Amino acid sequence: MRRGPDDPQLSPWLEGRSHLHPAVHRAQDAITAEPARDWSPDTLGRLAGASPRNLARLFRIHAGMTVTDAVNRARIALARDLIAQTDLALEQVADRAGFGSARHMRRVWRLFHAESPSSLRTKVPVSKGP
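Notes on the structure in this doc start here.

## What to know about helix α6 (residues 102-112)
Looking only at α6, the buried set comprises Ala102, Met105, Val108 and Trp109. Projection of α6 onto a plane perpendicular to its axis shows the buried side chains occupying an angular sector of 125°, all on one side. Across α6 from its buried face, at more than 90 degrees, point the exposed residues Arg103, Arg110 and Leu111. The secondary structure elements touched by the buried residues of α6 are α4 (67-85), α5 (90-97) and α7 (119-122).

Rendered as structure tokens:
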């Protein structure tokens, strides 16, 4: 497989994973497995075996990002895959990726991408036949 010109150099599923802290890895594994889930600080803290405040501190130190950034990156990666691989409306993509609305998804999307979510579909060439 080769990376396309519009694909990121580093997979969003691997960002912030070059550390050895087990609690942060447990939280990252859970987020990656279910990006659309409602990840409250208490839920992630219990799962990782750390208090919400300590987990937030550990994320900043070891992953180089906040817990919210990690969740948003996973959700945006899922949304990007859904937009590129399905014909779902943006509202449906937003719902499946864990965002409250398409508006919220667009707002978070702009933090990571220069182009709009819908522009992803216009980049895919459409065959017009022979």
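## Details of the packing of α5 against α6
Taken N-terminus to C-terminus, the directions of α5 and α6 make an angle of 75°; their axes are 8 Å apart at the nearest point. Considered as vectors, α5 and α6 are oriented roughly perpendicular to each other. Packed against α5, whose contacting residues are Leu90, Glu91, Val93 and Ala94, the element α6 presents Ala102, Met105 and Arg106 at the interface. Residues that form the contact of α5 with α6 fall into these classes: five nonpolar, no polar and two charged.

## A look at the nonpolar core
Across soluble globular proteins, nonpolar side chains show a tendency to be buried alongside one another. Counting residues in hydrophobic clusters, the biggest one holds 18 residues, and the most contacted among them are Ala27, Ile31, Trp39, Leu44, Leu55 and Phe59. Secondary structure elements with two or more residues in this core: α1 (22-33), α2 (41-48), α3 (52-63) and α4. Broken down by element, the residue count for this core peaks at five residues, all from α1. Once residues lying within four places of it in the same chain are set aside, the contact partners of Phe59 are Val24, Ala27, Gln28, Ile31, Gly64, Met65, Thr66, Val67 and Ala70. Within the second largest apolar cluster, 15 residues are counted, among which are Leu82, Val93, Ala97 and Leu120.

Cut-off values and rules
- Residues numbered from 1 in each chain as written.
- Predicted model: local features only at pLDDT ≥ 70, side-chain atom pairs only at ≥ 80, totals over all residues.
- Heavy atoms only, no water.
- Buried < 20%, exposed > 50% of the residue type's maximum accessible area, 1.4 Å probe, protein only.
- Helix = DSSP H or I, 4+ residues; strand = E, 2+ residues; numbered from the N terminus.
- Arc of directions from axis to C-beta.
- Contact = heavy atoms within 4.5 Å.
- Axes fitted to C-alpha atoms, helices over the stretch in contact; angles between N-to-C directions.
- Parallel < 35°, antiparallel > 145°, perpendicular 65-115°, else oblique.
- Nonpolar A, V, L, I, M, F, W, Y, C, P; charged D, E, K, R; others polar.
- Core = buried A, V, L, I, M, F, W, Y, C linked by side-chain atoms within 4.5 Å.

By themselves these figures say nothing about function.
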